[in-house]
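Each chain, letter by letter, is given below.
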Amino acid sequence: QRILENHALEIGLPNQFRVLSTTDAWLLLKRRFSELPLDHYRPLGNPVKFLRSLLQHISRAKDEGITPEQYLQYAQAVRLDVDEEAANAERKRLHELADVYVAYRKILLEEGCLDFGDLILETLRLFRERPMILELYRQQFSYVMVDEFQDTNWAQYELLKLLVGTKRN
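Residues numbered from 1 in each chain as written. Predicted model: local features only at pLDDT ≥ 70, side-chain atom pairs only at ≥ 80, totals over all residues. Heavy atoms only, no water.

Trainee: Can you help me understand the side chain of Arg32 in this one?
Mentor: By the element assignment, Arg32 lies in the loop between α2 (22-31) and α3 (51-63). On the basis of relative accessible area, Arg32 is assigned to the buried category, the value being 11%. A distance of 2.7 Å separates the side chain of Arg32 from the side chain of Glu35, its partner in a polar contact. Side chain to side chain, Arg32 and Glu111 meet in a polar contact 2.8 Å long. Setting aside chain neighbours within four positions, we find Arg32 in contact with Ile107, Glu110 and Glu111. (Helix = DSSP H or I, 4+ residues; strand = E, 2+ residues; numbered from the N terminus. Buried < 20%, exposed > 50% of the residue type's maximum accessible area, 1.4 Å probe, protein only. Polar contact = N/O pair within 3.5 Å; in protein donor to acceptor, adjacent residues only side chain to side chain. Contact = heavy atoms within 4.5 Å.)

As structure tokens, then:
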């Protein structure tokens, strides 16, 4: 969080942002529900029924280092080995998930917020797009200790590998 607060402007983010908890993110989406491009995931009896699940899905994508743009590209290019009707329905569902991810990111940025997954994903982007900033932190941290390494997700592991470079201390 501190790294992003210091360098967020370098990648077009506000350097003063609020980190949302899962509940805060749910409340934000509920408040701005009409902006979400939902069809399949908008049941008539309870329109906000799937918000928590959608947020978990987006969080898992972020844990895998998948950006909204990458998810959208995947949804547009996916090839399915099923009959055409089932393939069209699945493509539509995937595209809806991707569109919701894009809309969620837009809403977060408009509100000046990030969620926990963004802290890692955006720091990864910062280090990849601004190698001089990465080098600054590599020099600052000669040794890195990771507690509970077995619970590290892919995005955290990628961030760790970037930060330690070839030293592996």
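Here the narrative resumes.
Trainee: Quick question: what am I supposed to make of the packing of aromatic side chains here?
Mentor: The way to describe two aromatic rings as a pair is by their centre distance and the angle between their planes. Enumeration over the complete set of coordinates arrives at four aromatic pairs. Here the aromatic rings of Phe127 and Tyr137 are separated by 5.9 Å at their centres, their planes lie at 40 degrees, and the arrangement is tilted. Within this pair, whereas Phe127 is found in helix α6 (residues 116-129), its partner Tyr137 is found in helix α7 (residues 131-140), the two being separated by 10 residues in sequence. Taking the relative accessible area as the measure of exposure, Tyr137 reaches 7% and is therefore buried. Centroid distance Tyr137 to Phe141: 6.3 Å. Interplanar angle 15 degrees. Geometry classified as stacked. According to the relative accessible area criterion, Phe141 is partly exposed, its value standing at 36%. (Phe/Tyr/Trp six-rings, centres within 6.5 Å; stacked < 30°, edge-to-face > 60°.)

Trainee: Please explain the pattern of salt bridges as it appears in this structure.
Mentor: For side chains bearing opposite charge, pairing can occur when the charged atoms are close. Counting across every chain of the model gives 16 salt bridges. The salt bridge partner of Arg93 is Glu90, with a shortest N-O separation of 2.7 Å. Separated by three residues within a single helix, Arg93 and Glu90 lie in helix α5 (residues 84-111), roughly one turn from each other. Residue Arg93 is classed as partly exposed on the basis of its relative accessible area of 23%. Between Arg125 and Glu129 there is a salt bridge, with its nearest N and O atoms 3.7 Å apart. Remark: Glu129 and Arg125 occur in helix α6; sequence separation between them is four residues, near one turn of the helix. (Salt bridge = Lys/Arg side-chain N within 4 Å of Asp/Glu carboxyl O.)

Trainee: Got a minute to help me understand the packing of α6 against helix α8 (residues 154-164) in this structure?
Mentor: The angle between the axes and the distance between the axes are what describe a pair of packed helices. Contact pair α6 / α8: the axes reach a minimum separation of 10 Å and the direction vectors enclose 30 degrees. Between α6 and α8 the crossing geometry is left-handed. Every residue of α8 that contacts α6 at Ile120, Thr123, Leu124, Phe127 and Arg128 is listed here: Trp154, Ala155, Gln156, Glu158, Leu159, Leu162 and Leu163. The residue makeup of the contact of α6 with α8, split by class, is eight nonpolar, two polar and two charged. (Axes fitted to C-alpha atoms, helices over the stretch in contact; angles between N-to-C directions. Left-handed = near helix turned anticlockwise from the far one by under 90°. Nonpolar A, V, L, I, M, F, W, Y, C, P; charged D, E, K, R; others polar.)

Trainee: Just checking my understanding: could you explain the nonpolar core for this structure?
Mentor: Considering soluble globular proteins, one finds that nonpolar side chains tend to be buried as a cluster. With 28 residues, the main nonpolar core has Leu29, Leu36, Leu38, Tyr71 and Tyr104 as its most contacted residues. Secondary-structure elements contributing two or more residues to this core are α2, α3, α4 (68-77) and α5. Ignoring sequence-local partners within four residues, the contact set of Tyr71 consists of His57, Ala61, Ile66, Leu94, Leu97, Ala98 and Tyr101. Membership of the second largest hydrophobic core comes to 19 residues, among which are Ile3, Ile11, Val19 and Tyr137. (Core = buried A, V, L, I, M, F, W, Y, C linked by side-chain atoms within 4.5 Å.)

Trainee: Looking at this structure, I do not really get α2. What am I missing?
Mentor: Turn by turn, an α-helix covers 3.6 residues, leaving residues three or four places apart pointing in a common direction. Along α2, the positions that sit buried rather than exposed are Ala25, Trp26, Leu28 and Leu29. Seen from one end, α2 has its buried residues packed into an arc of 160 degrees, which puts them on one side. Buried residues along α2 sit in contact with β1 (18-20), α3 and α5. (Arc of directions from axis to C-beta.)

Shape descriptors only; they carry no functional weight alone.
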